[in-house]
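Reading the structure
One letter stands for each residue in the lines below.
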Amino acid sequence: MTAAPTAGAGARFAILGADQSPDLLEREVQATWEAEKLFAQLQRERAGGEPWVFFEGPPTANGRPGIHHVFARTIKDLFCRHRAMRGYLVPRKAGWDTHGLPVEIEVEKRLGISGKQDIERLGVEEFNRLCRESVFTYRGEWERLSERMGYWLDYSDPYVTYSNDYVESVWWALSTLHQRELLYRGHKILPYCARCGTSLSSHEVAQGYEDVEDPSVYVALDIVLTNDGPVEQGVDAEGRPRSTRRILVWTTTPWTLVSNTALAVNPSLVYVELRRKSGDSGFTLTLAESRVAGVLGLDWADRWTEVARREGSEMVGWRYRRPIDWLTFDDGDHEVIVGESFVSADDGSGVVHMAPAFGADDYAAGTRHGLAFLQPVDARGRFPETMPRVGGKFVKEADPALIDYLREHGSLWKAGALTHSYPHCWRCRTPLLYYARTSWFVRTTAYRDRMLSRNARVDWHPPEVGSGRFGEWLVNNIDWAISRDRYWGTPLPVWVNDADPTEVEVIGSYAELAQRVGRELGPDFDPHKPFIDAYTWPARSGTGTMRRVPEVIDAWFDSGSMPFAQWHYPFENVELLPQRYPADFIAEGVDQTRGWFYSLLAIATGLGDALPGNGGISSVGDGVTPALPQAAPFRTVVVNDMVLDANGQKMSKSRGNVVNPWDVIERHGVDAVRLFLLASSKVWVPRRFDEDSLRETAGRFLVTLRNVYSGIFAQYANFGWSPSDSAPVYEERPLADRWILSRLTTVEREADELLGDFDATAASNLLMTFVIEDVSNWYVRRNRSRFQSPDGILDAAAFATLHEVLVVTCRLLAPLAPFITDWMHRQLTGKSVHLASYRRAHPPLADPALEAAMAEVRELARLGRAAREEAGIRVRQPLSRVVCVVPPATPSVIHELLPLLREELNVKEVELASSADSLVSLSARPNFRALGIKFGSRTPLAARAVSELDGDSLQVVERGGTVDVTVDGETHPVGLDEVTIQRRATGELVVQEADGRFAAIDPELTTELRSEGLARELVSKVQRTRREMGFAVSDRIRLLVDGDPARIAALREHAEWIASETLTTTLIFGPDWPSGDHAARTLDLDGTSVRVALNRDS
RNA sequence: GGGCCUGUAGCUCAGGUGGUUAGAGCGCACGCCUGAUAAGCGUGAGGUCCGAGGUUCAACUCCUCGCAGGCCCA
């Protein structure tokens, strides 16, 4: 890397060659950062600043980082950098999520084993050792990529969820929740393989769906009590005592009928009660109206007649008699109809049988309605030996016997078969059972409202994720099942008396554990399985031994504990935590909605005032103290969506379209990748990663930035300008300089506000547009000659101006593209951009009038060019004049800017015409918004009347008066508010107009103009020849020109100008060819040939 | 089945609170420039704003119902 320039004479700004690869440059910058320990330096400099707290969501280091990780980390990095540049101290502690199923699966794969039996055969100790080892297989690559992409994070002291300190903090959280009666043992319905004896995780289930044939059974159950009272009893055709009203229920799992405790109807569906027209007409049958034809046949009306219809909500609370009464009810309601919105009328009868032990919906409904819970099936999926008819049978094999039983008792309505997709064990193909398993829960439903109110305080980007995807889901929150029947995880710190399962102790620290077991834990203490299970102690009650439950906890509970566990709180850092909690900012992918975002909120809300400054619950049950404000653990969250491939497809290994971040970084550089990801669309919309698109947007922008710096600024500044040279104060610089400096001030403020508001996309586009349009395409282009051959102090001020523009632009861009900006900033100032302040303390004032006027000039330039195009006259050919009109509100400073327009359009004169000018005619455009308020439904009539106003009337209006228009027979005054006045050119000029502005060129070419055009043409071609011959920019030449006498005469008029433009010391017109070396060319000048010869004047 | 997002030019995307001429970049066509040059600039042609209803004097914008794609959850 080139040494930074020192201020003063002879300063040299390094030039960035066009062939310099971004990758190489960025690696050099990276090396500099490392050598300087720049991140640590920044943190030291900000140490006294107000903290702006960032939480790093810990990645699971068991897979290679992909391009989407680069995306998420760019977002995290850029806001942290921005706030640091604003002066905040932004702690950035790294973290690793190291527990959980993904790690176990990775190890299983590597060992070529699968399933719990295999793991236990291997030994839990060995398995967990391998898990611990594997976690950091990819850690090195994660760190290297993070560094390469410029994601600054303190990796020296990361939090690691498997570490003893971290686990202890998690234990503390669990025991705190337990003290608040928020931890309990309950049931959870899980997909379970009875053969393997294990429950399956959702992604295992997803692998095992197969089409199978299952029974499809309708049973008609007796209704015994409705809202109108008891139902009359009777006997059926076979003489069995039955109720006179029945309800039709459908199931594909007859074996669960043994455990039936309720029926569910959809409260908003319509149900009909039908009676047979003939035959067994002594009873009625109730089912959903929309299912009647499906169940009873399309011709049902021939045989049935409707006796009542009602909404499901009217049936809630009715009582029925269950189909099989072998089991005794325990606590809870039973044989009742409940209302549940999940009940669908797409199949079945619109009435669903509920067995809370065997279905997730059923279980949830059971919890909601306090239903009884009947679970007779053992761990191998069999009914107890003592059960009638099906004793000892595997449940699925018991179906036929149960169907027979129903038939014998007259409750079977019809039995068939149904082919549908059903989950099977992916290992052994056994159909899975949805099974209630004992599980440990956090009673999140007890504080759901608090989670909602805390969530309402979060600044979500975008807001709809917070209110919709997350908020809606919170409303339907159910208790968090935190235990897992697995091996590699934080062990659940729950010890239960083996003689009395109601005696439970939850251990909240290692000291407490040591106290229980009556000895030191020792330096080699490992809280993981299997070691932890060796810690037991005699129960306090005197009988039995306290033994730890076998489960580990959900890894999401680990990561959700990071706000305090990363600091080993409350065992350490008690003073620090109030300054590091809550987070001002987090950012993760939308897939974290129910992951990390939830676990952070659920844990923090449950802990309440056990965390400093967290407010909330101090106890549960009767005593709730809502004293402190209930903040969420994060004040702001930026949610990013996925990165898709160039065709909008999800990246996946099987499709082979996964983008390797290292490859694209090598090709384009990190700055371009970061900018592209941020700028292509709002970060919370899925974006396509298309390298062609990247190249032409972010890539092109960076080339332009480099060109402005190297090709304009550095190249010419190196001829003798230095930052210490005195330049006129801002107010005395040329108007163009004041304009770009004003734009800079405006953009500086806007970019800061946008990033302050977490809108990285708008900030990226603002800055890229500023550099390309305002800096490169207007300021630099129009002032190029001031850099190439500065004449006097006002010209030279361009260097000071562009220097300022580039320095500030680097700062504004630094959070987004940290490499090139740092390189350039060091060249320009000798200092790293990342230690700079984002905004200048005393920028020159913005001049809105100047900016507005320049915008008009640029629009006129566009129109003027279009007019030239239309007239077919190239820009090099000078023209006599252009006549322009701008809106009346245009600031008067525009008059001072007209020289710029004259140069841009290559005309001798620019006239601003007024409305009174003979070139101009006025026309009116109705202002619908204003007219609409006044005229309502007659707006179209009024609009027509307004647009028919003549020029004289409009002049009156323009001066602030009103004129009357007739609308629908009535007269109304119309003023400036209701009409937009437009000017059009009349006469012989070539006109382009838009939105009340126009530019009209005079296409007439005088002899004088023609000869000047010719001279320009010659200069241009001679310049090209010089260049082709390899002359240096400053080389002087001798030039001879010969050709058609009329042309030569025309050129001769401009001899002096030609000579000075081409650095010609001796200019000869005529046929006298010089002796010696020279290059002779025949040039085509405006249709005729001219011969030139030139050589270096040494 | 539920929740949320997206649908605008060939492509990628912008388009507060409804206002009659819907924008940009790329690509394309034509042209300019030729000492930022393995660069730069301009002009132009491209659009039933996914569809159907509705509200309104007026709908890309608001409402309802669909269609297509995506994500998450069942």
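What this report covers is the structure whose coordinates are included nearby. On a predicted model such as this, the values are computed, not experimentally measured, just so you know.

Comments concerning the overall build of chain A
When helices and strands are tallied, chain A shows 36 helices and 42 strands. The C-alpha radius of gyration computed for chain A amounts to 41 Å, which surpasses the reference 31 Å derived for 1098 residues by more than 25%, pointing to a less compact arrangement than a globule. A principal-axis box enclosing the C-alpha atoms of chain A has dimensions of 130 × 90 × 55 Å. Burial status across chain A gives 55% buried among its 1098 residues. Taking as baseline every contact in chain A between residues at least 6 positions apart, the subset at least 24 positions apart corresponds to 76%. Working note: accessible area of chain A is about 46800 Å², and carbon and sulfur atoms make up 48% of it.

Overview of the packing of aromatic side chains
Taken as a whole, this structure holds 48 aromatic pairs when the rule is applied. An angle of 15° between the planes, with centres 4.8 Å apart, marks the rings of tyrosine 192 and tyrosine 435 as stacked. Of this pair, tyrosine 192 sits in strand β3 (residues 183-193) while tyrosine 435 sits in strand β18 (residues 433-442), placing them 243 residues apart in sequence. For the pair tyrosine 192 and tyrosine 435, a shared accessibility class is recorded, and that class is buried. With 5.6 Å between their ring centres and 55° between their planes, tryptophan 480 and tyrosine 598 make a pair best called tilted. One end of the pair, tryptophan 480, is in strand β20 (residues 480-481); the other, tyrosine 598, is in helix α20 (residues 596-607), and 118 residues separate them in sequence. Tyrosine 598 matches tryptophan 480 in its accessibility class, with the two residues each being buried. Counting every residue linked through ring pairs, the aromatic cluster contains Phe13, Tyr709, Phe713, Trp721, Tyr779, Phe787, Phe799 and Trp823. The lysine or arginine in question, arginine 81, covers the ring of tryptophan 152, its NZ or CZ lying 4.0 Å from the ring centre. One residue, arginine 148, lies across the ring of phenylalanine 819, its end atom 5.6 Å from the ring centre.

So, the sheet that holds β3
Taking strand neighbours across the sheet as the criterion, the four strands line up as β4-β3-β18-β20 in an open arrangement whose pairing is antiparallel. Bordering the open sheet on either side are β4 (198-199) and β20, each of which pairs with just one other strand. Direction of pairing for β3 relative to β18: antiparallel, over a ladder of 10 bridges. From the neighbouring strand, histidine 187 faces β18, where its bridge partner is threonine 438.

With respect to the side chain of glutamate 273
The topology assignment puts glutamate 273 in strand β11 (residues 270-276). In this structure the side chain of glutamate 273 is engaged in a polar contact, spanning 2.7 Å, whose partner is the side chain of arginine 245. Within the local environment of glutamate 273, its side chain forms a polar contact with the side chain of threonine 284, the two groups lying 2.6 Å apart. Contact partners of glutamate 273, with chain neighbours within four places excluded, come to Arg245, Thr284, Leu285, Thr286, Thr305, Glu306, Val307, Ala308 and Arg310.

Observations regarding the protein's contact with RNA strand B
Surrounding RNA strand B, one finds 47 residues, the nearest of these being Arg688, Arg784, Arg862, Phe928 and Val1033. Near the protein, meaning within 4 Å, the atoms of RNA strand B are sugar or phosphate in a fraction of 63%, with bases accounting for the rest. In the model, a phosphate oxygen of RNA strand B is placed 3.1 Å from a nitrogen or oxygen of the asparagine 777 side chain. Phenylalanine 1031 places a main-chain nitrogen or oxygen 3.1 Å from a base nitrogen of RNA strand B. For the surface near RNA strand B, the element with the highest residue contribution is helix α23 (residues 691-717), accounting for eight residues. Here the surface near RNA strand B is composed, by residue class, of 11 nonpolar, 16 polar and 20 charged.

Overview of the pairing of strand β34 (residues 963-967)
Every second residue of β34 is oriented toward a common face, the buried set being Val963, Val965 and Val967 and the non-buried set Asp964 and Thr966. One ladder, built from five bridges, connects β34 with strand β35 (residues 970-974); its direction is antiparallel. From the neighbouring strand, threonine 966 faces β35, where its bridge partner is threonine 971. In this structure, the hairpin formed by β34 and β35 is closed by a connection of two residues, where aspartate 968 is found at a positive phi of approximately 55°.

A short note on α20
Given a rise of 1.5 Å per residue, 12 residues ought to cover 16 Å, and the 16 Å separating the end C-alpha atoms of α20 matches this to within 8%. Buried residues dominate α20, accounting for 12 of its 12 residues. For α20, every residue scored as buried is listed here: Trp596, Phe597, Tyr598, Ser599, Leu600, Leu601, Ala602, Ile603, Ala604, Thr605, Gly606 and Leu607. One or two positions beyond α20, positive phi appears at glycine 608, with a value near 50°.

Quick word on the sheet that holds strand β39 (residues 1037-1043)
Spatial ordering of the open sheet is given by β40-β39-β42-β41, a layout of four strands whose pairing is mixed. Sheet topology places β40 (1064-1069) and β41 (1079-1085) at the edges, where each strand pairs with a single neighbour. The mean inter-strand angle of the sheet, taken between neighbouring strand axes irrespective of direction, is 25°. With five bridges connecting them, β39 and β40 associate as parallel partners. Across the sheet, the residue bridging to isoleucine 1037 is threonine 1064, located in β40. Relative to β39, helix α35 (residues 1045-1052) is tilted by about 140°, and along the sheet it contacts β39, β40, β41 and β42 (1088-1096).

Considering the environment of valine 219
Relative to the assigned elements, valine 219 resides in strand β5 (residues 209-226). Valine 219 gets classed as buried once you look at its relative accessible area, which sits at 1%. Apart from the residues within four sequence positions on either side, valine 219 is in contact with Ile247, Leu248, Val249, Leu257, Leu406, Ser411, Leu412 and Trp413.

Rules and cut-offs
- Residues numbered from 1 in each chain as written.
- Chains lettered and ligands numbered in written order.
- Predicted model: local features only at pLDDT ≥ 70, side-chain atom pairs only at ≥ 80, totals over all residues.
- Heavy atoms only, no water.
- Helix = DSSP H or I, 4+ residues; strand = E, 2+ residues; numbered from the N terminus.
- Rg over C-alpha atoms; globule rule 2.2 N^0.38 Å.
- Buried < 20%, exposed > 50% of the residue type's maximum accessible area, 1.4 Å probe, protein only.
- Contact = heavy atoms within 4.5 Å.
- Areas by Shrake-Rupley, 256 points an atom, 1.4 Å probe, with all protein chains shown as cover.
- Phe/Tyr/Trp six-rings, centres within 6.5 Å; stacked < 30°, edge-to-face > 60°.
- Lys NZ or Arg CZ within 6 Å of the ring centre and 35° of its normal.
- Pairing = 2+ DSSP bridges.
- Polar contact = N/O pair within 3.5 Å; in protein donor to acceptor, adjacent residues only side chain to side chain.
- Near = heavy atom within 4 Å.
- Nonpolar A, V, L, I, M, F, W, Y, C, P; charged D, E, K, R; others polar.
- Expected span 1.5 Å × (residues − 1).
- Axes fitted to C-alpha atoms, helices over the stretch in contact; angles between N-to-C directions.

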